[in-house]
Amino acid sequence: MSRAAVPGLPSRHPIGGQLPALYADDDFAQRFTGGLDTVLAPVFATLDNLPAYFDPRLAPPDFVAWLASWVGAADDPERPLERRREAVVHALELHRRRGTRRGLLDALALAFGLDAEITGDGAATWSRTAGADLPPAGRDTVAVRVWPAGQAPEDRVRALVRTMCPVHVECRVEFLPAPPTERG
């Protein structure tokens, strides 16, 4: 989308009308300032609507990618525009939940509209006893079961899971045709 020249867009602040009375009837001055009005009208329109540019639900499509870069949201131009807008709206919540089950589930829903189930805890343990023995290494992996299979490209889903899982946790992604309770 270009905001450079919009044919027929009137200026809300025509320069010719603001000139001294001496130039009010000057044909050259009025035509010259009319040309400037044509150039400045989109600038004024953008500035008049500036708050809408910072709202991802209202911003022009080309600004959504720019807003995503501001908040660290992954912007994929292949996704539908409404999903991209929602990813920007919820980016801060996702950053707060990064590395958690809820964060991964929310990211999959926002990015691809997928439902998922996460099993395993990645060998996360705790103890109330100071100096207790460490848990055995690699006791558990995290399984992320995603459905419906085929709704999103598997490589992109795996990449998202890799970025949202803690680096020390092994995450395995499984694609299911339906939720686990419906598969029988």
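Residues numbered from 1 in each chain as written. Predicted model: local features only at pLDDT ≥ 70, side-chain atom pairs only at ≥ 80, totals over all residues. Heavy atoms only, no water.

Right, let's get into the environment of threonine 129. Within the element layout of this structure, threonine 129 appears in the loop between β1 (115-119) and β2 (142-147). Along the primary structure threonine 129 and aspartate 62 are separated by 67 residues, whereas in three dimensions their C-alpha atoms are 55 Å apart. (Helix = DSSP H or I, 4+ residues; strand = E, 2+ residues; numbered from the N terminus.)

Mapped onto the elements, arginine 85 comes out in helix α4 (residues 81-89). Dropping the residues within four chain positions of it, arginine 85 is found in contact with Pro56, Arg57, Leu58, Ala59, Pro60, Pro61 and Val64. (Contact = heavy atoms within 4.5 Å.)

Counting 22 residues, the largest nonpolar core has Leu104, Leu108, Phe112, Val144, Val146, Val157 and Val161 as its most contacted members. Elements supplying a minimum of two residues to this core: α6 (101-112), β1, β2, α7 (154-164) and β3 (171-175). It is α6 that provides the largest number of residues to this core, a total of six residues. If we skip the residues at most four places from it in the chain, valine 157 touches Leu108, Phe112, Leu114, Val146, Ala152, Val173 and Phe175. Ala59, Ala68, Ala73 and Ala91 belong to the second largest nonpolar core, which has nine residues in total. (Core = buried A, V, L, I, M, F, W, Y, C linked by side-chain atoms within 4.5 Å. Buried < 20%, exposed > 50% of the residue type's maximum accessible area, 1.4 Å probe, protein only.)

Centre distance and the angle of the planes are the two values used to describe a pair of aromatic rings. Under the definition given, this model contains six aromatic pairs. Seen from their ring centres, tyrosine 53 and phenylalanine 63 are 4.8 Å apart, and the 70° between their planes marks the pair as edge-to-face. Within this pair, whereas tyrosine 53 is found in helix α2 (residues 50-53), its partner phenylalanine 63 is found in helix α3 (residues 61-71), the two being separated by 10 residues in sequence. Of the two residues examined, tyrosine 53 and phenylalanine 63, each falls in the buried class. Relative to tryptophan 66, the ring of phenylalanine 63 lies with its centre 5.3 Å away and its plane at 75°, an arrangement referred to as edge-to-face. Placement of both phenylalanine 63 and tryptophan 66 in helix α3 is noted, with a separation of three residues, approximately one turn of the helix. An aromatic cluster is present here, built from Tyr53, Phe54, Phe63, Trp66 and Trp70 joined pairwise through their rings. (Phe/Tyr/Trp six-rings, centres within 6.5 Å; stacked < 30°, edge-to-face > 60°.)

Quick look at α4 now. Residues Arg84, Arg85, Ala87 and Val88 constitute the buried set of α4. The buried residues of α4 occupy an angular sector of 160° when the element is viewed end-on, so they sit on one face. Contacts made by the buried residues of α4 are with α3, α5 (91-97) and α6. (Arc of directions from axis to C-beta.)

Two side chains with opposite charge may pair up if their charged atoms get near one another. By the definition in use, this model includes 13 salt bridges. Between arginine 31 and aspartate 27 there is a salt bridge; the shortest N-O distance is 3.0 Å. Placement of both arginine 31 and aspartate 27 in helix α1 (residues 27-48) is noted, with a separation of four residues, approximately one turn of the helix. Close ionic contact of aspartate 75 with arginine 84 constitutes a salt bridge, the shortest N to O distance being 2.7 Å. Ionic contacts of the salt-bridge type, sharing partners, join the residues Glu117, Arg145, Arg172 and Glu174 into one network. (Salt bridge = Lys/Arg side-chain N within 4 Å of Asp/Glu carboxyl O.)

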